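Residues per chain are reported as follows:
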Amino acid sequence: MQEYSEKLEDIYDEKLGRHLVASLSIEPGETLLEEQPLLVAPHWECDRLKCAQCLQESYVICRRCQVYPLCMDCSEHDAFECEFFASGAGSGIGKDLLIKNYGICALLKLLLLLEQPDQRAQCQILLERPVKLEDYRNEDGVWQEHEEQVVRPIMDSGLAEALPDQQLTSDALHAHCIRIDCSAYEVTARDGDTLKGVYVRGANLPHSCVPNTVVALDEQFNLKLYAAVPLESGQVIFTSYANPLMGTSQRQHQLRMTRHMECACVRCLDPTELGTHMSSMKCRDCSDGYAVCDLRGTGNWRCLDVSCGAVIPAADVHELLAEVGGALVDAKGELSVYESLLAQNKQLLHPNHFLLLDIKQNIASILRAAALMNSLNDPCKKLLARRVELCGDLLPICRAVIPGISKLYAIALFEYLLSFVELTELQFSEGDVDKKGYAAQLKRAQSVAKEALDLLQFEPENSAEGFLTERIAMELERIESDLMKYGKH
């Protein structure tokens with residue numbers, strides 16, 4: 001079920017397929033689309049049974065159908081699914097179908113939705129998505145995963161014979177799997193586990209690494225799409241399916257693997273990545289130069305300083321990135337290893353390079369955990385100051401890569417705020433700053449909190465970001481209380 005803004009028009013062209021465009025001017029924050037998921041299910045590789053009703057961890061099986069897992073709090077699940085296996089066309093199928101092959105869960109849900117006349121129209125929107133099986137068939141990863149965990153178990157189970165009108169073949173099931181993957185957002189269950197939520201419109205919008213919309217998901221997995229920036233009539237509605245903190249080559253690889261698409265957005269075509277230099281290297285030949293990828297030519301990295309113009313072969317860059325990426329995996333949460341990696345590679349990479357940002361994020365996470373452990377007995381100013389520095393380094397990058405209303409930037413502001421306030425309070429309590437200095441720091445914190453709240457104001461209350469809004473509001477209230485005490489001095 002979808003509800004569209006009256007300011008949108010649904011159109012089709014050969015390049016983008018079916019998509020949405022603005023038919024009138026739209027302001028940031030205006031809701032464009034609200035959609036309930038067609039289905040929510042565990043990922044293909046999940047082997048822990050989830051309750052068919054609430055998607056929490058399961059310990060029992062439905063007494064009626066004897067197929068679907070339930071939790072201790074749920075005694076029933078979808079009536080059609082239950083009836084299908086209890087006394088319907090699927091009653092002769094082995095009762096251990098999901099116990100042995102839980103990876104089929106998402107596709108099984110889709111197949112049974114297609115059997116229901118009141119659900120078929122929504123499913124049909126999904127099935128209209130064209131799939132070129134030859135683009136996937138020779139891929140060992142995705143195709144093989146679908147074949148072993150989903151397609152073969154379903155074909156061997158007798159489900160195809162129980163659903164004769166669907167004329168199921170192995171290729172048809174593979175196509176369904178691909179459509180599910182390409183129409184899904186990762187959603188979070190109440191227990192923190194990640195699931196696959198399928199949205200026939202909200203997850204099939206055209207992609208841009210510089211999106212003009214924001215996707216919000218609430219606790220019930222309902223999707224809300226709202227404008228991130230002002231939109232004029234005729235503008236295409238874009239979302240993003242790539243990690244904005246990756247470099248261009250890495251985003252393109254992610255999109256090829258998950259969506260079989262190439263992106264030609266303004267960021268992907270800019271070797272400086274909107275001036276962030278998230279893929280830029282330090283020049284080997286001059287002290288102040290940075291080299292960027294020659295996207296339209298050789299693919300090598302060339303120094304931007306016209307008086308230098310030195311070239312770094314693409315093979316050398318890829319070898320270095322692979323080496324650093326491998327070292328990141330091997331670091332396994334060791335603070336000293338991350339700090340060593342940062343020191344080594346900041347001599348080779350631009351300060352904003354995505355790998356350095358990744359290292360900094362890892363260090364900041366470890367320092368936050370260390371600060372929490374020490375906060376009750378021995379808070380450490382040095383740890384807090386380092387974390388404030390690292391979180392501060394991330395802010396301009398997060399601001400630059402997602403324009404307008406940005407949850408990424410809001411969350412980065414929150415992380416910065418926590419450490420900044422804790423450090424400021426510690427400095428004041430130990431006499432490192434006087435009342436006037438403390439008040440000035442609190443005003444800075446107040447500004448950060450208000451900016452984060454402003455960016456999150458359109459998020460549903462019953463969403464992770466909605467709860468974050470409450471947390472920031474509480475922090476702001478505490479900051480302003482202290483400002484009332486000390487701001488007058």
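What comes next concerns the included structure. Computed from a prediction, not measured in an experiment: that's the story for all the values here.

Brief notes about the sheet that holds strand S10 (residues 213–217)
To summarise the sheet geometry, strands pair through backbone hydrogen bonds and adopt either a parallel or an antiparallel arrangement.
Line of reasoning, step 1. Reading across from one edge, S1-S4-S11-S10 is the order of the four strands in this open sheet, with antiparallel pairing throughout. With one partner strand each, in any of the chains shown, strand S1 (2–4) and S10 form the two edges of the open sheet. For this sheet the average axis-to-axis angle between neighbouring strands, irrespective of direction, equals 15°.
Line of reasoning, step 2. As judged from the four bridges shared by strand S4 (residues 31–35) and strand S11 (residues 223–227), these two strands associate in the antiparallel manner. If you follow Leu 33 over to S11, its bridge partner there is Leu 225.

Some details on the packing of aromatic side chains
Line of reasoning, step 1. Taken as a whole, this structure holds nine aromatic pairs when the rule is applied.
Line of reasoning, step 2. When the centroid spacing of 4.9 Å and the interplanar angle of 90° are considered together, the rings of Phe 84 and Phe 85 count as edge-to-face. Here Phe 84 matches Phe 85 in class, with each residue buried.
Line of reasoning, step 3. Each residue in the set Tyr 68, Phe 84 and Phe 85 is aromatic and connected to the rest through ring pairs, giving one cluster.

Some details on the environment of Leu 255
Line of reasoning, step 1. By the secondary structure assignment, Leu 255 is in helix H9 (residues 248–259).
Line of reasoning, step 2. The spatial distance from the C-alpha of Leu 255 to the C-alpha of Thr 298 is 22 Å, given a sequence separation of 43 residues.
Line of reasoning, step 3. Non-local contacts of Leu 255, meaning those with residues more than four positions away in its chain, are made with His 207, Tyr 241, Ala 242, His 260, Met 261 and Cys 263.

So, how was this worked out
Residues numbered from 1 in each chain as written. Predicted model: local features only at pLDDT ≥ 70, side-chain atom pairs only at ≥ 80, totals over all residues. Heavy atoms only, no water. Pairing = 2+ DSSP bridges. Helix = DSSP H or I, 4+ residues; strand = E, 2+ residues; numbered from the N terminus. Axes fitted to C-alpha atoms, helices over the stretch in contact; angles between N-to-C directions. Phe/Tyr/Trp six-rings, centres within 6.5 Å; stacked < 30°, edge-to-face > 60°. Buried < 20%, exposed > 50% of the residue type's maximum accessible area, 1.4 Å probe, protein only. Contact = heavy atoms within 4.5 Å.

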